[in-house]
Structure formats: structure tokens, C-alpha cells
Amino acid sequence: MTSIGIIGAGMIGNVHAETAMRIGTTIACVYDSNEQKRSAFAKKFNCDEESTVETLLNRDDIDGVVIAVPNFQHAPLAIQSLNAGKHVLLEKPMAPSIVECDDILRARDMSGKALQLGFVCRYSPAALRAKEMIDDSAIGNIVSIQATLLRQRGIPGLGGWFTTKALSGGGCLIDIGVHLIDLVMHMTSMNTPSRVIGRCSQAFTMASYAYDEMWSDPVENGTFDVEDRIRASITFETGMVFDLNVSWATHIPEQTIADGLLIEGEHGALIVDLWSDEIIHAYSVNGKPHSETIKIELNDAWNDAFDGEHRAFAQSIENGAIPTGAGTGEDGKRVQEIVEAIYASDDAQKEMAI
């Protein structure tokens, strides 16, 4: 049985704690700079609360830490945790800049500890089944992918750090778009993007947006200087084209377009709703179109995905290295390279090399 500490007692920290408990990992302690949140977390999960990061990392009864804090704190806390000899599960994005990603990788290499990225969509039951089919060449070489994740009213903590570029590094792209970027490269085993063109926009303002609950409470008179919508087209060295369509906020009703992937191969296609209990396999027989619905066994797709991520982290701790299929530091950096290229493309209003 593994024992962990959690840094960050916010919404996502609670999700990680609930998941750890489900799979049998011990939550020994928690740290959060907000004393009220920290105390409530400790009471809820029956664990110790630490008043500093240093006291948490000095504990001998934890093998690893989950870092679930705002983006601008990812690099310093990941580096501090690795230097303290702890294995790390780091929430996405890896860091707001490539430079910070490199700093984390150096700390990992010097420490010899495991660094796993929180790319939880890899463990979606539908995504796992679709990857199996791609690996088995069920649809042939991948030609194109359309990836969509559209929220109608899903800006997290409007006015707070999520929507402040200096703290987050960006908006919906660096928050939720990173999931799809990582997932596409993971599922297709393609990690050599060559060029990208992207457009970022902000459809709403602090005045025109009616807040709906999403991870964090709004901040009155706060900052909103990031995108709430992004569209990009990424071309890989293989010729595969990956179209990305992501929003925090849109006028399109929820679930008009399912969150997921349309994957086209030379010999067929897959329609993958990430949180469904089935995927569709489309193909031809004697030139005529056919399709089949493939059922997937699951309990709750969202919980199943987090369970898979934490089982992988438990293996990371036990073996001192992350298991096959888990997100590596190199994966996190590669995603950030694409993110920064999309932002650069939007700034320059032209296609950019990666």
C-alpha cells in the first residue's frame, strides 16, 4: 500500500483524494496555503494537515505527492518535491512555459524519482479501447483527427488565477485543450508535430458572462485576459492533421457536439465520446459503408479514468518509474511546445513551425 501527501486542497485536490481512497492509497497529509481549506480537507479525509510545504515533504511516511495547485506554482513545487526525494503526480499543464518544463525535467533526472503527468483522459475507458483498436491497425494509418471539448458555461473561477494570464499561462487551451493534445499524440503514438495554425478568441467579458460552477469561485472585479475559445490545426511529420476545437464558453448548447474524437484512418474511422460506454467503428465492406457499436464495460467513466491514473501512480511509487501508458515529463513538455506554438500563431496571425 502506498502513502501520499497532497499539495493543494481545492476542488481537484479533493478529486485526487477521493480517488486515492477508492483504490486503497493512504492519504497521510495535506498542505494548502488557505488554512480553512486545509483544515476542512484534513477533516474530510481523516489525514494530517501541514502548515508548510517543507514539513509535508520532510515526512518519512509519504512516498509521493500529488501537486494540485494553480499553474504558476507547478514548477517550483514539483522541483521542491523531487529534490526532497518524493515521487510526483503533477496536474496538467506541466508548467506555463517550456523553460519551466525543462527545469522540472532536470530536477527529475537529478533526483531519480518518478514524475507522472496528470493526463487523466488517457484512462477514459473509451479512449483505452480506441487506442487498442488503433494499435491493432483496425482502421489503418491515421489520416486525420478532429478533437472537440466545448463547454457552454464553464469558465473556471472567472476573475481569479484561471483567467489571469500571468498566473495561468493562458485560458481554455492550456487548461483543458492540453488534455486533447496529449490524448491524440498518445493514442496515435505520433509525437512529431511539425506546424500549427491557431486562433484564440474571447467571446465573453466579465460583464456579459453569467458564472456557472466550475472548479473555482468567481472573483469580483478580477482579471479576464485569456481566451475562452480556441481553434487550431496541427500537422504532424507523418502528414496526419489534427483539428482542435475547445471552449470554456460558447453559445452552442451543451452536448450538441460530444466531447471526444473523430478519428479517420485509411481503412476506417472511430467515433469516440470520451465519457460514453460505447464507441462507433465505421468501415467499408466491398465498397459499401458499415458501422458497429462497440460496448465498453465501465462503472463511472470519470471515476474510472481517475482510478486508472492513480493506479498508475501507485505503480510509479512502488517501482520507482512510471508504467507504460502514463504521461511522462517529456510528454508534458511536448504538449507545452504545441500550446506555445498555437499562442504564437494567434499572435502572428500565421502558421508557425513547431
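What counts as what
Residues numbered from 1 in each chain as written. Predicted model: local features only at pLDDT ≥ 70, side-chain atom pairs only at ≥ 80, totals over all residues. Heavy atoms only, no water. Pairing = 2+ DSSP bridges. Helix = DSSP H or I, 4+ residues; strand = E, 2+ residues; numbered from the N terminus. Axes fitted to C-alpha atoms, helices over the stretch in contact; angles between N-to-C directions. Salt bridge = Lys/Arg side-chain N within 4 Å of Asp/Glu carboxyl O. Buried < 20%, exposed > 50% of the residue type's maximum accessible area, 1.4 Å probe, protein only. Lys, Arg positive; Asp, Glu negative; His and termini not counted. Polar contact = N/O pair within 3.5 Å; in protein donor to acceptor, adjacent residues only side chain to side chain. Contact = heavy atoms within 4.5 Å. Arc of directions from axis to C-beta. Parallel < 35°, antiparallel > 145°, perpendicular 65-115°, else oblique. Nonpolar A, V, L, I, M, F, W, Y, C, P; charged D, E, K, R; others polar. Phe/Tyr/Trp six-rings, centres within 6.5 Å; stacked < 30°, edge-to-face > 60°. Lys NZ or Arg CZ within 6 Å of the ring centre and 35° of its normal. Right-handed = clockwise from strand over helix to strand, strands pointing away. Core = buried A, V, L, I, M, F, W, Y, C linked by side-chain atoms within 4.5 Å.

S.K.: If you had to explain the sheet that holds strand 3 (residues 48-50) to someone new, which residues and values would you point to?
M.R.: With parallel pairing, six strands are arranged side by side in an open sheet as 3-2-1-4-5-6. Looking at strand neighbours, the two that pair on one side only are strand 3 and strand 6 (115-118), the edges of this open sheet. Neighbour-to-neighbour, the strand axes of this sheet turn through a mean angle of 25 degrees, independent of strand direction. The pairing of strand 5 (residues 87-91) with strand 6 spans four bridges and is parallel. Paired with leucine 90 across the bridge in strand 6 is leucine 117.

S.K.: Residue-level account of the pattern of salt bridges, with values.
M.R.: One pass over the structure, following the stated rule, counts 19 salt bridges. Note that glutamate 49 and arginine 38 form a salt bridge whose closest N and O atoms lie 3.1 Å from each other. Pair noted here: glutamate 49 is in strand 3 and arginine 38 is in helix 2 (residues 35-45), with a separation of eleven residues, a long-range link. Here glutamate 49 falls in the partly exposed class, since its relative accessible area comes to 35%. With relative accessibility at 9%, the residue arginine 38 sits in the buried group. A single network of salt bridges, built from pairs that share partners, joins Asp48, Glu50, Arg59 and Asp61.

S.K.: Give me the side chain of glutamate 227: which residues, what numbers.
M.R.: Its place among the elements puts glutamate 227 in the loop between strand 8 (193-201) and strand 9 (229-236). Buried charged residue glutamate 227 carries no salt bridge. Nearest counter-charge: lysine 165, at 6.5 Å. Looking at glutamate 227, its side chain comes within polar contact range of the main-chain nitrogen of cysteine 172, at 3.2 Å. Once you skip the residues sitting within four places of it in the chain, glutamate 227 turns out to touch Gly170, Gly171, Cys172, Leu173, Ile174, Cys200, Ser201, Trp248 and Tyr343.

S.K.: Before we move on, can you summarise helix 2 with the specific residues and values?
M.R.: Among all positions of helix 2, only Arg38, Phe41, Ala42 and Phe45 are buried. One face of helix 2 carries all of its buried residues, which in axial projection span an arc of 100 degrees. With respect to the buried face of helix 2, the exposed residues turned more than 90 degrees away are Gln36 and Lys43. Elements in contact with the buried residues of helix 2: strand 1 (3-7), helix 1 (11-23), strand 2 (26-31) and strand 3. One side-chain oxygen of the residue at the start of helix 2 lies 3.0 Å from the amide nitrogen of glutamine 36, identifying that residue as asparagine 34. Just past helix 2, the residue asparagine 46 takes up positive phi, approximately 55 degrees.

S.K.: Which residues make up the packing of helix 4 (residues 74-83) against helix 5 (residues 98-111), and what values do they have?
M.R.: The interhelical angle for the contact between helix 4 and helix 5, taken along N-to-C directions, is 5 degrees, at an axis separation of 9 Å. Taken together, the axes of helix 4 and helix 5 are roughly parallel relative to one another. Residues Ala75, Ala78, Ile79, Leu82 and Asn83 of helix 4 lie in contact with helix 5, whose contacting residues are Glu100, Asp103, Ile104, Ala107, Arg108 and Ser111. Of the residues contributing to the contact of helix 4 with helix 5, the split by class is six nonpolar, two polar and three charged.

S.K.: Report on the packing of aromatic side chains, specifying residues and quantitative values.
M.R.: For the structure shown, the criterion picks out five aromatic pairs. Look at phenylalanine 204 and tyrosine 209: their rings are 5.7 Å apart centre to centre, the planes differ by 80 degrees, and that puts the pair in the edge-to-face class. Each member of the pair, phenylalanine 204 as well as tyrosine 209, is classed as buried. Among the aromatic residues, those joined into a cluster by ring pairs are Trp275, Trp302 and Phe306. Positioned above the aromatic ring of tyrosine 343, the side-chain terminus of lysine 165 is 5.6 Å from the ring centre.

S.K.: Report on the sheet that holds strand 9, specifying residues and quantitative values.
M.R.: Read from one edge of the open sheet, nine strands run 14-13-12-11-7-10-9-8-15, paired in mixed fashion. Looking at the sheet topology across the chains shown, the edges are occupied by strand 14 (288-295) and strand 15 (352-353). Relative to strand 12 (residues 268-273), strand 11 (residues 260-265) runs antiparallel, the two being bridged by five bridges. Looking across to strand 12, one finds that leucine 262 is bridged to isoleucine 271. Across the sheet, helix 6 (residues 125-135) lies against strand 7 (142-150), strand 11, strand 12, strand 13 (278-285) and strand 14, angled at about 165 degrees from strand 12, the strand it touches most. Sitting on the sheet, helix 8 (residues 172-188) touches strand 7, strand 8, strand 9, strand 10 (241-247) and strand 11, and the angle it makes with strand 10 is about 150 degrees.

S.K.: Residue-level account of the pairing of strand 1, with values.
M.R.: Taking burial as the measure, the five residues of strand 1 include five buried ones, the bulk of the element. Sheet analysis places strand 1 next to strand 2, joined by five bridges and oriented parallel. Bridged to glycine 5 within strand 2 is cysteine 29. Handedness of the crossover joining strand 1 and strand 2 through helix 1: right-handed. Strand direction decides the pairing type here: strand 1 and strand 4 (residues 64-67), joined by four bridges, are parallel. Note that in strand 4 the partner of glycine 5 across the bridge is valine 65.

S.K.: Describe the nonpolar core, with residues and values.
M.R.: Membership of the largest hydrophobic core comes to 81 residues, with the highest contact counts inside it found for Ile181, Phe242, Leu244, Leu261, Ile263 and Ile342. Looking at which element gives the most residues to this core, the answer is helix 8, with eleven residues. Residues contacting isoleucine 342, with those up to four places away along its chain left out, are Leu173, Ile181, Val196, Gly198, Ile230, Ala232, Ile234 and Leu244. Listed in part, the 15 residues of the second largest apolar core include Ile27, Val30, Phe45 and Leu89.

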